[in-house]
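Fold and contact review
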Amino acid sequence: MQLLAQPLNLTLRHTFSTSRSSSSIAENVLVKLRWKNLKGLGEAAPIRFYGQSQKTCLKALERMSKRLAGRDPFELESILTDLRRHFPQEPSAIAAIDLALHDLVGKHLGIPLWRHFGLDPEKTPQTSFTIGIASLDKVVAKIAEAQKYPVLKIKVGVPGDVEIMREIRRLVPKKILRVDANCGWSVKETIDKSRALEKLGVEFIEQPLPPGRNADFKKIKNKIGIPLMTDESSLIPGDIPALRGCVDGINIKLVKCGGIREGLKMIHTARACGLKIMLGCMIESSILISAAAQLAPLVDYADLDGNLLVSDDPFRGARIDKNAKLILPNRPGLGMA
Ligand code: MG
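These numbers come from a predicted model, not from an experiment.

**A closer look at the coordination of the magnesium ion**
Taken together, D180 (OD), E206 (OE) and D231 (OD) make up the full set of protein donors to the magnesium ion, lying 2.1 to 2.3 Å away. Spacing between the donor residues of the magnesium ion along the chain follows D-x25-E-x24-D. With D180 in strand β6 (residues 176–180) and D231 in the loop between β8 (228–230) and β9 (249–253), this pair connects stretches of sequence that are 51 residues apart. There is no split in this pair, since D180 and D231 are both buried.

If you want it as structure tokens, here you go:
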């Protein structure tokens, strides 16, 4: 197999801010993997928080490409195990290769991946649409622009966030609201704020505390009435068993775990631990979003809006209907056009 990697810069419709970072361009990486007469597509969204960048990712992919010579895409397990061993710091680059391998497998078989995995495409959840942190004025404008999305995920974790949530609830009394604090709250803050958020009918709170605080999560879970989801605490399959009883569910991101194959492992591990599952994303083109969407019939919640947040997505794949329910493509592999 022959690997080609190149920068994929995506322009955001709005500067996107969380409790940790702010950006207006996503510096992703596009991967093309050639095998026989087929081309598999993959994408990496390097995460600065974990020391990754477009540059480290491209460098890692160049070294990874040498390990793919003479292999074929059906050797997924051995190829990906080898890459995880040699490049533990670059799960996003590994995810790009995992996606391209899966795309090749689906294209060779002539079927979409959801079909290869035996899934029912009707069983996809709705996706939420994410509203980044901003001043109250800007949040109000963003809520107006997000009119067509019935489920909103609001980034919190800044002073005044509960007041902003009250205002949002007033503006959209019927929408499903979720919040993501990106590790920005303390135990006390989480308990106090969750009382107010519960009254506002917020569906769940994502990752209020930093990772490594499972005992504190358990303390919070026993005191609040809103489900607690993780994100930064559940990066790979091995993180999940220790979360049992401490939270209600986990968020899975393909670029954090290393792709579709590890994502599937996470889904099955979480189910065995009695946890709810959400599929999430970074700022991504339709390649990564469609890859995650292939697994969506297996999960409870989806937050696959990365492609909706950019203005120059070069690809088409999974879409949403007027209720923001994910529609899986019928084309082979990832189903990109
Ligand atoms: Mg999150």
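**Topic: the domain arrangement of the chain**
Many analyses report the size of an interface as the accessible area lost when the parts associate. In terms of domains, the chain is made up of domain 1 (2–110) and domain 2 (115–327). Centre-to-centre, using C-alpha coordinates, domain 1 lies 23 Å away from domain 2. Listed as interface residues are 36 residues of domain 1 and, on the opposing side, 39 residues of domain 2. In total, domain 1 and domain 2 occlude about 3100 Å² of area from one another, counting both sides; carbon and sulfur atoms represent 63% of this.

**What to know about the pattern of salt bridges**
Under the definition given, this model contains 23 salt bridges. We note a salt bridge from D82 to R67, for which the minimum N-O separation is 2.7 Å. With D82 in helix α2 (residues 76–86) and R67 in helix α1 (residues 54–68), the pair connects residues that are 15 residues apart, well separated along the chain. Ionic pairing is found between K188 and D192, a salt bridge with its closest N-O pair at 2.7 Å. Taken together, the positions of K188 and D192, both in helix α7 (residues 187–199) and 4 residues apart, correspond to about one turn of that helix. Here the salt bridges share partners, and the residues they tie into one network are K153, K155, D180, E206 and D303.

Definitions and cut-offs
Residues numbered from 1 in each chain as written. Predicted model: local features only at pLDDT ≥ 70, side-chain atom pairs only at ≥ 80, totals over all residues. Heavy atoms only, no water. Donors = N, O, S within 2.8 Å, 3.2 Å for Na, K, Ca; no water. Helix = DSSP H or I, 4+ residues; strand = E, 2+ residues; numbered from the N terminus. Buried < 20%, exposed > 50% of the residue type's maximum accessible area, 1.4 Å probe, protein only. Domains from an automatic or database assignment. Contact = heavy atoms within 4.5 Å. Buried area = accessible area lost by both parts, 1.4 Å probe. Salt bridge = Lys/Arg side-chain N within 4 Å of Asp/Glu carboxyl O.

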